[in-house]
Amino acid sequence: MLFCTYANAKYHAFATLYPLFALISNPYASVEILLSDYKFFANYYRNVIEFYKKVYPDKVRYTPVNIKGILPNSVRFLLEPTKRAKYVYIGDIDIFLLDENILDYHLAFMERHNSDFSNVLRNEHQLTGLHFIPFDKMYPISIPNNLDLLRLNDEVLLCHMMREKKLRFPVDAELNERKIHGLHISFFSRPPLTSMTTFDEFVNFPSWGPLEQVEKYLRVRYTEPVKNFIKCLSPYQIGLRKIIQFVDMWAFFVKEHPNTTLIA
């Protein structure tokens, strides 16, 4: 299975972390991250690229892409990865994937709902942004004519694309069957605690993931691969270090206060 996602400059730090958690929990898989500003990333995070080459040889690929005329959120659905696999899981760059056997979960979902892919409709015209599908059914990309790729919501676009291919949609799938498979670290949007300020409203605490995933994160966090990853970092890669430190503090807080309601 291939995990595929996209990161622009704002999310470059997450692009360094995504493969780590994906491959610790699913070692049979590989990862490809489509990148804008690739030259900057390759220079600034040269140590991280070398880490993955050494620890996970041939498992992680960073690919430069040109996204002119495409809404950034839609890039992951519109560009074909260069690595191939039998199945592809397309998701968000800011999710720390922690569940094991993600492949088995989605194969069972497809069989259960008699569908060509694993995803859930939010409404009649919108799928979610986490999409599992056989590689050869996703690619080559098929885009309906007359869609405004700079304005159309990415999840609505994905729904159009699946219908353009005339694929079987899941029958009677419920939204609660859509699994994030880890922690959704919405560092720039959803605040996990009321002390944090963003433009978005607070949601049910803890907003980045349930206690079960918090405990998984803390178990994975102190494994040798994560320790070695942190050792490879430069002291000047402050943005990346801040994310790790903030998630650590948040996770320990949630574990110690599992029943706290902190919504303003």
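Look a little higher up for the structure.
What you are looking at is a predicted structure, and each value in this text was computed from that prediction instead of being measured. (Residues numbered from 1 in each chain as written. Predicted model: local features only at pLDDT ≥ 70, side-chain atom pairs only at ≥ 80, totals over all residues. Heavy atoms only, no water.)

Visitor: Help me understand the pairing of strand E8 (residues 131-134), please; the structure alone is not making it clear to me.
Guide: For a regular strand, the rule is simple: side chains alternate between the two faces of the sheet. Of the two faces of E8, the one lined by His131 and Ile133 and the one lined by Phe132 and Pro134 are each fully buried. With four bridges joining them, strand E4 (residues 87-90) and E8 adopt antiparallel strand pairing. Paired with Tyr89 across the strands is Phe132, a residue of E8. (Buried < 20%, exposed > 50% of the residue type's maximum accessible area, 1.4 Å probe, protein only. Helix = DSSP H or I, 4+ residues; strand = E, 2+ residues; numbered from the N terminus. Pairing = 2+ DSSP bridges.)

Visitor: Please clarify how the pairing of strand E1 (residues 2-7) should be interpreted in this entry.
Guide: Along E1, six of the six residues are buried, which leaves the element largely enclosed by surrounding structure. Here E1 shows a buried face lined by Leu2, Cys4 and Tyr6 and a second buried face lined by Phe3, Thr5 and Ala7. Across six bridges, the pairing between E1 and strand E2 (residues 30-35) is parallel. Residue pairing for E2: Ala7 is matched across the bridge by Leu35. Of the pairings in the sheet, the one linking E1 to E4 comprises three bridges and is parallel in character. Looking at the pairing, Cys4 lines up with Ile90 of E4.

Visitor: Before we go on, may I ask you to explain the nonpolar core in this structure?
Guide: Side chains that are nonpolar tend, in soluble globular proteins, to be buried together. Formed by 56 residues in total, the largest nonpolar core has its most connected members in Phe3, Tyr62, Phe96 and Phe229. A per-element tally of this core places helix H1 (residues 12-25) first, with nine residues. With near-sequence residues (within four places) excluded, Phe3 lies in contact with Tyr18, Ala22, Asn26, Ala29, Ser30, Val31, Glu32, Tyr89, Leu97 and Ile102. Within the second largest apolar cluster, 25 residues are counted, among which are Ile67, Phe77, Leu149 and Leu158. (Core = buried A, V, L, I, M, F, W, Y, C linked by side-chain atoms within 4.5 Å. Contact = heavy atoms within 4.5 Å.)

Visitor: Where do I start with the sheet that holds E4 in this structure?
Guide: Whenever strands of a sheet pair, they do so through backbone hydrogen bonds, lying parallel or antiparallel. One open sheet holds the five strands; their spatial order is E3-E2-E1-E4-E8, and the pairing between them is mixed. Across the chains shown, the open sheet's two edge strands, defined by having one partner strand only, are strand E3 (60-64) and E8. Taken pair by pair, the neighbouring strands of this sheet meet at an average axis angle of 20°, ignoring direction. Pairing between E2 and E3: five bridges, direction parallel. Looking at E3, one finds that Leu34 is bridged to Thr63. (Axes fitted to C-alpha atoms, helices over the stretch in contact; angles between N-to-C directions.)

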